[in-house]
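Structure at a glance
Single-letter residue listing:
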Amino acid sequence: VALGLYFPRKEYLENVYIDAPVGMPLLHIHALKDSREEAAHFHLCQNLIISRARSHENNWFQIREKTGLLYLSKSLDREDFNMLSVGNWMPLSKVMLYVFLSSHPFQERECDSATRTTVFLSLINATAPACSSLTARQLCFTEMDLSFHIKENKPPGTFHQLQLPSVHHLCQNLSISYKLLAAEGVPFRYNENTTSVRVTRSLDREERERYELIAKCTVREGFREMQVEVPFLVNVLDEDDSPPFLPNGTDTADAVVEFNRKEGTVLSTLTVYDADTTPIYPLESSRKKYTGTIITDDPWISETFRVEHIFDEIHFNPNGSQVRGTRHEY
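Since this is a predicted model, take the numbers as computed values, not measurements.

So, about the overall build of the protein. Helices and strands together make up the secondary structure of the protein, namely five helices and 19 strands. Here the protein has a C-alpha radius of gyration of 27 Å; the compact-globule value for 330 residues is 20 Å, and the former is much larger. Classification of the 330 residues of the protein by burial places 42% in the buried group. When contacts within the protein are restricted to residue pairs at least 6 apart in sequence, those whose partners lie at least 24 apart make up 69%.

Take a look at the structure:
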């Protein structure tokens, strides 16, 4: 079943200062494909959610349908800020936007697509600070963690841009460059010209579930140089693509039943491993996925014996990395 395009992040965060110019780029949002033929189209619904309570028509923010670049379509002045903040004494106001994703151009007011990500914008009641007053951390990275979710068995694609569009727009006299530090052979590439990070091949969660890289940024201003490093994490999302397996290939267990056995006596056990899934909660959902049945025509056997199913999370170690799975005991 093709699940379609998806976002590699559940949410994005960014700051917006008052009186920032029209056209100011704020955020670059990316999508990854389910199949190579798909093309991503981004769409913003015309409502801002303020303080999780009320909504307001969005007159300030727009997104480029084909590139996912979120930008200011109208300058946000103090009057706008007062209207969007709960009270004008607040130094900042948080608003929320939903960005939707589709493999075809959006129709007018089409806002019920299941594929969406949330953008949290902090509206700050001040003009943008001078670039020279910002730390290397502020110039290089936003407040959000660099943590991504990529589905296994999907086509390669670009999923993040390291350069901050707003800083690049405002601080043109600074030189800001990035590097992605990673072990040899990891399936990620950094492009210096576009500052984008790409997954270069389809991933396999049963081979590796998590990649831990480091994003390094260097800021140069005249003869001054500052560097900062932050973790860059990629979690691989599971697809149910590997069958359960039996240790030693044994799929049958013999049970010898002697007289005068007490109720609850364990007569025989059978172990099944599944590297593909981990226990899900509520536990009944995991139980329904696998059933243990005694195949018999004798009603006395059905009444007297039962199969119990317990399971727990275990770790496999393919290629030296740790991957979660489940051990089922019947």
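Walk down a regular strand and you will see the side chains alternate between the two sheet faces. Here strand S4 (residues 47–50) shows a clear split, with Leu48 and Ile50 buried on one side and none of Asn47 and Ile49 buried on the other. Pairing between S4 and strand S5 (residues 54–57): four bridges, direction antiparallel. Each bridged residue has a counterpart across the sheet, and for Asn47 the counterpart in S5 is Glu57. Sheet topology places S4 next to strand S8 (residues 92–102); two bridges connect them, and they run antiparallel. Its bridge partner being in S8, Ile49 is matched across the sheet by Met96.

On to the sheet that holds strand S6 (residues 61–63), then. Read from one edge of the open sheet, three strands run S2-S7-S6, paired in antiparallel fashion. Two strands lie at the open edges of the sheet, namely strand S2 (25–28) and S6, each paired on one side alone. Looking at each pair of strands side by side, their axes are set apart by 25 degrees on average, direction ignored. Where S6 and strand S7 (residues 69–72) come together, three bridges link them in antiparallel fashion.

Turning to the state of the cysteines, a few remarks are in order. Under the counting rule described, the total for this entry stands at two disulfides. One disulfide bridge connects Cys131 with Cys171, the sulfur atoms lying 2.0 Å from each other. Of note, the bridge from Cys131 to Cys171 carries an S-S torsion of about -85 degrees and is left-handed in sense. Taken together, the residues Cys131 in the loop between strand S9 (116–124) and helix H2 (136–140) and Cys171 in the loop between helix H3 (165–170) and strand S12 (175–181) connect sequence positions 40 residues apart. Across the pair, exposure class does not vary: Cys131 and Cys171 are buried alike. At a sulfur-sulfur separation of 2.0 Å, the disulfide partner of Cys140 is Cys217.

Ranked by size, the top nonpolar core spans 35 residues in total, and within it Phe141, Ile150, Phe159, Leu162, Phe188 and Phe232 carry the most contacts. Sorting the residues of this core by element identifies H2, strand S10 (146–151), S12, strand S13 (188–191), strand S14 (196–199), strand S15 (210–221) and strand S16 (224–237) as the ones contributing at least two each. Leave out the neighbours within four places in its chain, and Phe232 touches Leu146, Phe148, Phe159, His160, Leu162, Leu180, Val197, Tyr211, Glu212, Leu213, Ile214 and Ala215. Residues Leu5, Tyr12, Val99 and Met144 belong to the second largest nonpolar core, which totals 32 residues.

What follows is about unusual backbone geometry. Phi is positive for Thr195, close to 55 degrees, though the residue is something other than glycine. Along the chain, Thr195 turns up in the loop between S13 and S14. In this structure, Asn260 takes a positive phi of about 60 degrees despite not being glycine. Residue placement: Asn260 occurs in the loop between S16 and strand S17 (271–274).

To continue, consider the pattern of salt bridges. Scanning all chains against the criterion turns up 14 salt bridges. The closest approach of N and O atoms between Arg220 and Glu225, which form a salt bridge, is 3.0 Å. Judged by its relative accessible area of 47%, Glu225 is partly exposed. Linking Arg327 and Asp312 is a salt bridge whose minimum nitrogen-to-oxygen distance equals 3.0 Å. You can see Arg327 sitting in strand S19 (residues 323–329) and its partner Asp312 sitting in strand S18 (residues 310–316), a full 15 residues away along the chain. Among the ionic contacts, a cluster of salt bridges with common partners joins Arg205, Glu206, Glu209, Asp238, Glu313 and Arg324.

Here the focus is the environment of Lys288. Tracing the backbone shows Lys288 in helix H4 (residues 283–289). Overall, the relative accessible area of 67% leaves Lys288 in the exposed class.

Before going further, it helps to examine the UniProt feature "domain: Cadherin" (unreviewed entry) in the protein. Cross-referencing UniProt, the feature "domain: Cadherin" (unreviewed entry) maps to residues 142–246 in the present numbering. From the first C-alpha to the last, residues 142–246 spans 47 Å; its make-up is 6% helix and 50% strand.

Turning to the environment of Asp80, a few remarks are in order. For Asp80, the position within the fold is in helix H1 (residues 78–84). Between the alpha carbons of Asp80 and His168 there is a distance of 25 Å; along the sequence they are 88 residues apart.

Under the defined criterion, the tally for this structure stands at 12 aromatic pairs. Taking 5.9 Å as the distance between ring centres and 70 degrees as the angle between the ring planes, the aromatic pair formed by Phe141 and Tyr178 counts as edge-to-face. Remark: Tyr178 occurs in strand S12 and Phe141 occurs in the loop between H2 and S10; sequence separation between them is 37 residues. Take Phe141 and Tyr178: they sit in the same class, and that class is buried. Aromatic pair Phe148 and Phe232: ring centres 5.0 Å apart, planes at 35 degrees, arrangement tilted. Of this pair, Phe148 sits in strand S10 while Phe232 is found in strand S16, placing the two residues 84 residues apart along the sequence. The pair formed by Phe148 and Phe232 is uniform in burial state, with each residue classed as buried. Counting every residue linked through ring pairs, the aromatic cluster contains Phe148, Phe159, Phe188, Tyr211 and Phe232. We note Arg9 situated over the ring of Tyr12; from NZ or CZ to the ring centre the distance is 5.6 Å. Across the ring face of Tyr6, the terminal group of Lys151 is positioned such that the distance to the ring centre comes to 4.5 Å.

Calculation rules
Residues numbered from 1 in each chain as written. Predicted model: local features only at pLDDT ≥ 70, side-chain atom pairs only at ≥ 80, totals over all residues. Heavy atoms only, no water. Helix = DSSP H or I, 4+ residues; strand = E, 2+ residues; numbered from the N terminus. Rg over C-alpha atoms; globule rule 2.2 N^0.38 Å. Buried < 20%, exposed > 50% of the residue type's maximum accessible area, 1.4 Å probe, protein only. Contact = heavy atoms within 4.5 Å. Pairing = 2+ DSSP bridges. Axes fitted to C-alpha atoms, helices over the stretch in contact; angles between N-to-C directions. Disulfide = S-S within 2.5 Å. Core = buried A, V, L, I, M, F, W, Y, C linked by side-chain atoms within 4.5 Å. Salt bridge = Lys/Arg side-chain N within 4 Å of Asp/Glu carboxyl O. UniProt positions renumbered as here; feature names shortened; annotations may be inferred. Phe/Tyr/Trp six-rings, centres within 6.5 Å; stacked < 30°, edge-to-face > 60°. Lys NZ or Arg CZ within 6 Å of the ring centre and 35° of its normal.

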